[in-house]
Amino acid sequence: MLSIDTAVRVASELDLAHVPEQTLRRARLVIADTVAVATAGARTAEIAALVALDEHDALVTPADRAGAGHTATVLTTPRLRAHPAYAAFLNATAGTSLELDEGMRPTGHPGMHVIPAALAVAERVHAPGTDLVRAVLAGYEVSSRLFRTFRLRQGVHPHGHIGAVGAAVAVALLDGTDPVTAATIAATSPLLSVWQACYDGATARNAYTGYAAQSGVRASALARAEFTGSAGALEVAFGQIAGEIVDGSALTEPLRYDDLGISRNYFKVHSACALSHSAVEAALAITPVRPEEIRQVRVDTVAVNLKIDRQPAANDLSGRFSLPYAVATALVLGRSDVEAFRFRPEVAAVAEKVRVSVLPEFEAQWPESAPARVTVVTDDGSAAATVQNPRGHHTRPLTEAEHQEKFATLVGDRRTATAWWERFDGLLAVTDCADLFEGGQ
């Protein structure tokens, strides 16, 4: 029977003193990026409406009137407080609303599962920044190994299940619970999340990560209450029903400080499904042409990207999960930011001219690279561009200034962004994570 015990124990023994400086830096960037993406997502209509309902029912409370149980920050403007499990749910749900959350290949998004849970509990227990960084590194490591272990079946989305196990590890390390017990409990009740919700543009899909982050917090409480988990549940769920085992050794490997999972992540700069990013960047590199001049657009890429080779429904979220629409957005607007992905009929018309194919020489490079070549055909000829990996991938890292600008843009208020950035930049020197968001809007 496949067991997660070894992976959890190995990750839980992580010693910050042995983590390379560049990896510590990346961990701080992943935490900061996740906070910024969740803060921007909290301004969407759905999250704002949900928070208003919850405030009426006292599930969330203004920061200056927070009661004893409302100990974690909800990243709204103005800030609110909630029980850590619910703060984790709201922040992680907000964090996938705009498709700007970081991730890894193959293929998942550990950060938005692990970090909202870890942050909420770090605030509650008044953990120092070093404990938060260590917990995030460990939780991310477990999640990344699980994503390597299982290949999900067609139609199963990577949000909402495996990431919950990493979230439980991070939380357990922060509040003193046995991480193996907490992880096993989180693994016992996985969410069956599906791609179809993304294709339809069903915004309830954004709650996949929210449920997982909440599960990570609750798993620790269940462990302290002496609930037990099933050692074989994860293998049945994702090794038999919803996927298959492709690399069981990922769960038994020793910890390699020079190759932690978080060191191979990517950051997003395009507000769309990560599978589209190489093609979006290639489209942005082509000299603009008027939409009416475009006769055909060809995209040569890797097979995994066929998951989003589809025309969108007429809404923003569905457009973010359509490779033809994402490429058309880049060609028509010359941008790929949040506002660019508001659904536009004129962009959808160009998307209908996009044809996607798998190129064998590109496929041979996956997952180390995710190449895409975009060719635009007009009556006057054709133009093409190829991208191996998009900006933000660990092989094409963003500059410090680019990270900080993304953070400031998403947080919105520049004074708040400056104060928060300084705290996350100096996270290893923070003595109490309950102070991380003080002084913000």
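The structure we're discussing is the one just above.
Residues numbered from 1 in each chain as written. Predicted model: local features only at pLDDT ≥ 70, side-chain atom pairs only at ≥ 80, totals over all residues. Heavy atoms only, no water.

Caption draft 1: Expanded view of the environment of serine 271. Secondary-structure assignment places serine 271 in the loop between β7 (265-266) and α12 (277-284). Given a relative accessible area of 0%, serine 271 falls into the buried group. Between the C-alpha atoms of serine 271 and glutamate 339, which are 68 residues apart in sequence, the distance is 8.7 Å. Sequence-distant contacts of serine 271, that is, excluding residues within four places in its chain, are made with Leu98, Glu99, Leu100, Arg320, Ser336, Asp337, Val338 and Phe341. A distance of 2.7 Å separates a polar atom in the side chain of serine 271 from the backbone oxygen of leucine 98. (Helix = DSSP H or I, 4+ residues; strand = E, 2+ residues; numbered from the N terminus. Buried < 20%, exposed > 50% of the residue type's maximum accessible area, 1.4 Å probe, protein only. Contact = heavy atoms within 4.5 Å. Polar contact = N/O pair within 3.5 Å; in protein donor to acceptor, adjacent residues only side chain to side chain.)

Caption draft 2: Looking closely at helix α4 (residues 84-95). For α4, built from 12 residues, the straight-helix expectation of 16 Å at 1.5 Å per residue is met to within 8% by its first-to-last C-alpha distance of 16 Å. Counting buried residues in α4 gives 12 out of 12 residues, a clear majority hidden from the surface. If you check which residues of α4 are buried, you get Pro84, Ala85, Tyr86, Ala87, Ala88, Phe89, Leu90, Asn91, Ala92, Thr93, Ala94 and Gly95. (Expected span 1.5 Å × (residues − 1).)

Caption draft 3: Up close: helix α18 (residues 414-425). For α18, with 12 residues, the first-to-last C-alpha span of 16 Å sits near the 16 Å given by 1.5 Å per residue. Among the residues of α18, Thr416, Ala417, Trp420, Trp421 and Phe424 are the ones counted as buried. Down the axis of α18, the buried set is contained in an arc of 125 degrees. They therefore lie on one face. Seen from the buried face of α18, the exposed residues on the opposite side, beyond 90 degrees, are Arg415 and Glu422. For α18, the secondary structure elements touched by its buried residues are α2 (21-41), α5 (110-124) and α17 (400-411). (Arc of directions from axis to C-beta.)

Caption draft 4: Summary view of the packing of α2 against α4. Axis separation between α2 and α4 bottoms out at 7 Å; the angle between their running directions is 85 degrees. Of the possible angle classes, the one that applies to α2 and α4 is roughly perpendicular. Across the interface between the two elements, Val37, Ala38 and Gly41 of α2 pack against Asn91, Ala94 and Gly95 of α4. (Axes fitted to C-alpha atoms, helices over the stretch in contact; angles between N-to-C directions. Parallel < 35°, antiparallel > 145°, perpendicular 65-115°, else oblique.)

Caption draft 5: Quick peek at the pattern of salt bridges. Counted by the stated rule, this structure contains 28 salt bridges. Between arginine 145 and glutamate 141 there is a salt bridge, and its shortest N-O distance comes to 2.9 Å. One end of the pair, arginine 145, and the other, glutamate 141, are both in helix α6 (residues 129-149), four residues apart, so they sit about a helical turn from each other. A residue is classified by how much of its surface remains accessible, and arginine 145, at 2% relative accessible area, is buried. The buried category is assigned to glutamate 141, whose relative accessible area is 5%. (Salt bridge = Lys/Arg side-chain N within 4 Å of Asp/Glu carboxyl O.)

Caption draft 6: Molecular detail of the packing of α5 against α6. Following both chains from N to C, one finds α5 and α6 inclined at 150 degrees, their axes separated by 9 Å at the closest point. By the angle between their directions, the pair α5 and α6 is classed as roughly antiparallel. Crossing handedness for the pair α5 and α6: right-handed. Packed against α5, whose contacting residues are Pro110, Gly111, Val114, Ile115, Ala118, Leu119 and Ala122, the element α6 presents Leu132, Val136, Gly139, Tyr140, Ser143 and Phe147 at the interface. Residue composition of the contact of α5 with α6, by class: 10 nonpolar, three polar and no charged. (Left-handed = near helix turned anticlockwise from the far one by under 90°. Nonpolar A, V, L, I, M, F, W, Y, C, P; charged D, E, K, R; others polar.)

Caption draft 7: Main features of the layout of surface pockets. By volume, the largest pocket is sized at about 770 Å³. Arg105, Pro106, Thr107, Trp366 and Pro367 are the residues nearest the centre of the largest pocket, which is lined by 30 residues in total. Mapped by element, the contributors of at least two residues to the lining of the largest pocket are α6, β5 (150-152) and β7. The greatest single-element share of the lining of the largest pocket, amounting to three residues, is contributed by β5. (1 Å grid on protein atoms, 1.4 Å probe; cavity = no way out; pocket = protein on both sides within 12 Å on 5 of 7 lines; lining within 4 Å. Points joined across faces, edges and corners; volume = space filled by probe spheres on them.)

Caption draft 8: Quick peek at the sheet that holds strand β11 (residues 381-387). Pairing is mixed across the open sheet formed by four strands, whose spatial order is β9-β8-β10-β11. Each edge of the open sheet carries a strand with a single partner, namely β9 (354-358) and β11. Neighbouring strand axes in the sheet, compared pairwise and without regard to direction, differ in orientation by 15 degrees on average. The strands touched by α12 are β8 (294-301), β10 (372-378) and β11; relative to β10, the strand with the most contacts, the crossing angle is about 40 degrees. The sheet contacts of helix α14 (residues 323-333) involve β8, β9 and β10, and relative to β8 the element is tilted by about 120 degrees. (Pairing = 2+ DSSP bridges.)

Caption draft 9: A look at unusual backbone geometry. A cis amide bond, omega 0 degrees, links threonine 77 with the succeeding residue proline 78. Structurally, proline 78 can be placed in the loop between β2 (72-74) and β3 (80-82). Cis geometry marks the peptide bond from tryptophan 366 to proline 367, where omega comes out at 5 degrees. Within the secondary structure, proline 367 is located in the loop between α16 (360-363) and β10. The phi angle at glutamate 99 is positive, at roughly 55 degrees, despite the residue not being glycine.

Caption draft 10: Representation of the packing of aromatic side chains in the model. Going through the model one piece at a time under the given rule, you end up with nine aromatic pairs. Between phenylalanine 150 and phenylalanine 238, the aromatic rings sit 6.3 Å apart at their centres with planes inclined by 55 degrees, giving tilted as the arrangement. Of the two residues, phenylalanine 150 is situated in strand β5 and phenylalanine 238 in helix α11 (residues 233-241); the sequence distance between them amounts to 88 residues. Each of the two residues, phenylalanine 150 as well as phenylalanine 238, counts as buried. Connected via pairs of aromatic rings, a cluster forms that spans Tyr86, Phe89 and Tyr211. (Phe/Tyr/Trp six-rings, centres within 6.5 Å; stacked < 30°, edge-to-face > 60°.)

Caption draft 11: Broad picture of the pairing of β8. Relative to β10, β8 runs antiparallel, the two sharing six bridges. Counted as the bridge partner of isoleucine 294 is threonine 378 from β10.

Caption draft 12: Fine view of the environment of phenylalanine 424. In this fold, phenylalanine 424 is placed in helix α18. Taking C-alpha positions, phenylalanine 424 is 40 Å from alanine 351, a pair spaced 73 residues apart along the chain. If near-sequence neighbours (up to four positions away) are discounted, phenylalanine 424 is found in contact with Arg28, Ile31, Ala32, Val35, Leu119, Phe407, Leu436 and Phe437.

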